Amino acid sequence: MSSKSAYRWHQDWMEGGVAALASRGASGRRCKLSARCQEKLAAYLEQGPAAHGWDEDHVWTGGRVATLIGRKFHVSYSVSGATRLMHRLGFSPQVPARRAAERDERAVTAWQEVTWAEVKAPGRPATAGSVSRTKQGSPAGRPRGARGAGVASPRS
């Protein structure tokens, strides 16, 4: 809080009492849609995207909702504005899965289980060592008889 705000609040309190300090609500631009139109939009969203012509992936995106608002209410909304409106109405936009229309899920699963398991390179072995390329691992992790084993270097 800045001192300027404190002085302004004190001045408001002196002129109007406690009522002058009450919140005036959220700032910013009012919604372009009336409460009734927002209720209608919520009902349209409940029907799903297929009922309004988007039947390929059945998800509501911000762009689709902005288009729907333009078609039904003749009001222009940006994608981000439509997304914020969706959140206020209790909906969340989804991102459609980008997959080929010819995709065969059974073939993909079979390939992952059989071919990918054979092709996949094994991971690095879990051994003690250093993640640094220029410093060796700690002496405690070295095999017995190896150079530097059992010798702890002083830390500075």
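Use the structure listed above.
Reference entry: report on the structure contained in this document. (Residues numbered from 1 in each chain as written. Predicted model: local features only at pLDDT ≥ 70, side-chain atom pairs only at ≥ 80, totals over all residues. Heavy atoms only, no water.)

Taken together, the side chains of Met1, Trp9, Trp13, Met14, Val18 and Leu21 present a nonpolar region at the surface, about 730 Å² in accessible area. Mapping methionine 14 onto the fold places it in helix 1 (residues 3–16). (Patch = residues over 30% accessible without salt bridge, like charges linked within 9 Å, V, L, I, M, F, W, Y side chains within 5 Å. Areas by Shrake-Rupley, 256 points an atom, 1.4 Å probe, with all protein chains shown as cover. Salt bridge = Lys/Arg side-chain N within 4 Å of Asp/Glu carboxyl O. Helix = DSSP H or I, 4+ residues; strand = E, 2+ residues; numbered from the N terminus.)

Here we come to the nonpolar core. Counting residues in each nonpolar core, the largest one holds 17 residues, and the members touching the most others are Leu33, Leu41, Leu45, Trp60, Val65, Ile69 and Tyr77. Looking at this core, the elements with two or more residues in it are helix 2 (35–47), helix 3 (62–73) and helix 4 (79–88). For this core, the element with the most residues is helix 3, which contributes five residues. (Core = buried A, V, L, I, M, F, W, Y, C linked by side-chain atoms within 4.5 Å. Buried < 20%, exposed > 50% of the residue type's maximum accessible area, 1.4 Å probe, protein only.)

Side chains that differ in charge, positive against negative, can pair when their charged atoms come close. The final tally for this structure, using the stated rule, is two salt bridges. Residues arginine 64 and glutamate 56 are paired through a salt bridge, measuring 3.0 Å at the closest nitrogen-oxygen approach. Taking relative accessible area as the criterion, arginine 64 reaches 11% and is therefore assigned buried. You can call glutamate 56 exposed: its relative accessible area is 55%. One network of salt bridges, with partners in common, ties together Glu56, Asp57 and Arg64.

Looking now at the side chain of threonine 83. Residue position: threonine 83 is located in helix 4. A distance of 2.9 Å separates a polar atom in the side chain of threonine 83 from the backbone oxygen of valine 79. (Polar contact = N/O pair within 3.5 Å; in protein donor to acceptor, adjacent residues only side chain to side chain.)

Looking now at unusual backbone geometry. The phi dihedral of histidine 58 falls on the positive side, at around 55 degrees, and the residue is not glycine. Inspection of the secondary structure assignment puts histidine 58 in the loop between helix 2 and helix 3. Phi is positive for histidine 74, close to 55 degrees, though the residue is something other than glycine. Of note, histidine 74 is situated in the loop between helix 3 and helix 4.

Following both chains from N to C, one finds helix 3 and helix 4 inclined at 90 degrees, their axes separated by 8 Å at the closest point. On the basis of the axis angle, helix 3 is roughly perpendicular to helix 4. Facing helix 3, whose interface residues are Gly62, Gly63, Val65, Ala66 and Ile69, helix 4 presents Val79, Ala82, Thr83, Leu85 and Met86. (Axes fitted to C-alpha atoms, helices over the stretch in contact; angles between N-to-C directions. Parallel < 35°, antiparallel > 145°, perpendicular 65-115°, else oblique. Contact = heavy atoms within 4.5 Å.)

Our next topic: the side chain of arginine 64. If you trace the backbone, arginine 64 turns up in helix 3. Beyond its immediate stretch of four places on either side in the chain, arginine 64 contacts Pro49, Trp54, Glu56, Asp57 and Val59.

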